[in-house]
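Each chain, written out:
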Amino acid sequence: MKAIANPRGQAHDARMTRPSSPLDDPATAVAIWARFRRLMRWMFLITLATVIGALTVLYRQEGRVSIHFYIAVAVGVSFAMLLTSGLMGLVFLSNASGHDAAVAQPDEAEDDQPSEGRNR
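The rules behind each value
- The residue numbering used here restarts from 1 in each chain and proceeds along that chain's sequence as written.
- In view of the model being predicted, local features appear only for residues whose pLDDT reaches at least 70, and side-chain atom pairs are presented and counted only at 80 or more, with totals across whole chains, interfaces and linings using the full set of residues.
- Hydrogens and water molecules were not included; the side-chain quantities draw on all heavy atoms of the structure.
- Every angle, taken between N-to-C directions, lies between 0 and 180 degrees, and every axis is a line fitted to C-alpha atoms, over only the stretch in contact when it is a helix.
- Per the convention used, a helix needs a DSSP run of H or I reaching at least four residues, while a strand needs a run of E reaching at least two, with both numbered from the N terminus.
- We call two directions roughly parallel when the angle between them is under 35 degrees, roughly antiparallel when it is over 145, roughly perpendicular when it lies between 65 and 115, and oblique otherwise.
- Crossing handedness is read from the near helix: turned anticlockwise from the far helix by less than a right angle, it gives a left-handed crossing, and turned clockwise, a right-handed one.
- All residues other than Ala, Val, Leu, Ile, Met, Phe, Trp, Tyr, Cys, Pro, Asp, Glu, Lys and Arg, Gly among them, are scored as polar; the first ten of these are nonpolar and the last four charged.
- To estimate the expected span of a helix, subtract one from its residue number and multiply by 1.5 Å.
- Any residue under 20% of the maximum accessible area for its type is buried, any over 50% is exposed, and the rest in between are partly exposed; the area is computed with a 1.4 Å probe on protein chains only.
- Whether two residues touch is decided by their heavy atoms; if any such pair falls within 4.5 Å, the residues are in contact.
- Here a Phe, Tyr or Trp ring, Trp counted by its six-membered ring, pairs with any other such ring whose centre lies within 6.5 Å, and the pair is stacked when the planes are under 30 degrees apart, edge-to-face when over 60, and tilted otherwise.
- Here the term patch refers to residues with relative accessible area over 30% and no salt bridge, with like charges joined within 9 Å and nonpolar side chains (Val, Leu, Ile, Met, Phe, Trp, Tyr) within 5 Å.
- All accessible areas in this document rest on Shrake-Rupley with a 1.4 Å probe, and a residue is counted as covered only by the protein chains that are shown.
- Salt bridge, as used here: a side-chain nitrogen of Lys or Arg that lies within 4 Å of a carboxyl oxygen of Asp or Glu.
- His residues and chain termini do not enter the charge count, which takes Lys and Arg as positive and Asp and Glu as negative.
- All charge positions are set by atom: Lys at NZ, Arg at CZ, Asp at CG, Glu at CD.

Undergrad: So what about the packing of helix H1 (residues 26-62) against helix H2 (residues 67-97)? Which residues, and what values?
TA: Interaxial distance between H1 and H2 falls to 9 Å at its minimum, and their mutual angle equals 155 degrees. In terms of orientation, H1 and H2 fall into the roughly antiparallel class. Read as a crossing pair, H1 and H2 show a hand that is right-handed. Its residues placed into classes, the contact of H1 with H2 shows 22 nonpolar, seven polar and one charged.

Undergrad: So what's going on with the environment of Ala80? Residues and values would help.
TA: Within the secondary structure, Ala80 sits in helix H2. Linking Ala80 and Thr47, residues 33 residues apart in sequence, is a C-alpha distance of 9.4 Å.

Undergrad: Tell me about H1, and please be specific about residues and values.
TA: For H1, spanning 37 residues, the distance from its first C-alpha to its last is 52 Å, which sits close to the expected 54 Å at 1.5 Å a residue. Here H1 has its buried residues at Ala29, Ile32, Phe36, Met40, Thr47, Val51 and Leu58. The inward-facing, buried residues of H1 abut H2. Backbone geometry just after H1 places Gly63 at a positive phi near 75 degrees.

Undergrad: Please give an account of the packing of aromatic side chains that cites residues and values.
TA: Under the counting rule described, the total for this entry stands at three aromatic pairs. A ring pair is formed by Phe69 and Tyr70, whose centres lie 5.4 Å apart and whose planes are at 75 degrees; its orientation type is edge-to-face. Members of the aromatic cluster, connected to one another through ring pairs, are Tyr59, Phe69 and Tyr70.

Undergrad: Account for a positive patch on the surface, with residues named and values stated.
TA: Taken together, the side chains of Arg35, Arg37, Arg38 and Arg41 present a region of like positive charge at the surface. Relative to the helices and strands, Arg35 resides in helix H1.

Undergrad: Please provide a residue-by-residue account of the environment of Leu48, values included.
TA: Take Leu48: it is sitting in helix H1. By relative accessible area, Leu48 is classed as partly exposed at 41%. Linking Leu48 and Met81, residues 33 residues apart in sequence, is a C-alpha distance of 9.7 Å.

Undergrad: Which residues make up a nonpolar patch on the surface, and what values go with them?
TA: A surface patch of nonpolar side chains, about 500 Å² in accessible area, is lined by Trp33, Phe79, Leu83, Leu87 and Leu90. It is H2 that provides the largest number of residues to the nonpolar patch, a total of four residues. With respect to the helices and strands, Trp33 occurs in helix H1.

Undergrad: Tell me about H2, residues and numbers included.
TA: Look at H2: 44 Å from first C-alpha to last across 31 residues, which is about the 45 Å you get at 1.5 Å a residue. Among all positions in H2, only Tyr70, Val73, Ala74, Ser85, Gly86, Gly89, Leu93, Ser94 and Ser97 are buried. Once H2 finishes, Gly98 follows within two positions and takes phi at roughly 85 degrees, a positive value.

Shown next as structure tokens:
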């Protein structure tokens, strides 16, 4: 393998070492993705109940308005809630699986010696 000199003049192996992620284990990955799907099912039910509640409140306050108003409210509330819960669910999945810790391991050699380009 080709050796490359890093900024400090030390030899560095050119191969990229990939940290081991818990999601690489098939059994762990299946369990974690099942948990994510269960969370998303609950969030879908909560979103459905919220949309029905919002449409009920709007109908009681506004009365008969164009159907497009109610469609826009239902789509907007659903999209916002499902997108938010999906993204937060992925954050929880990544954290709970230990995938974040595996990817974010700092390079200890760089932490030991201060870099010349940093301002203190």
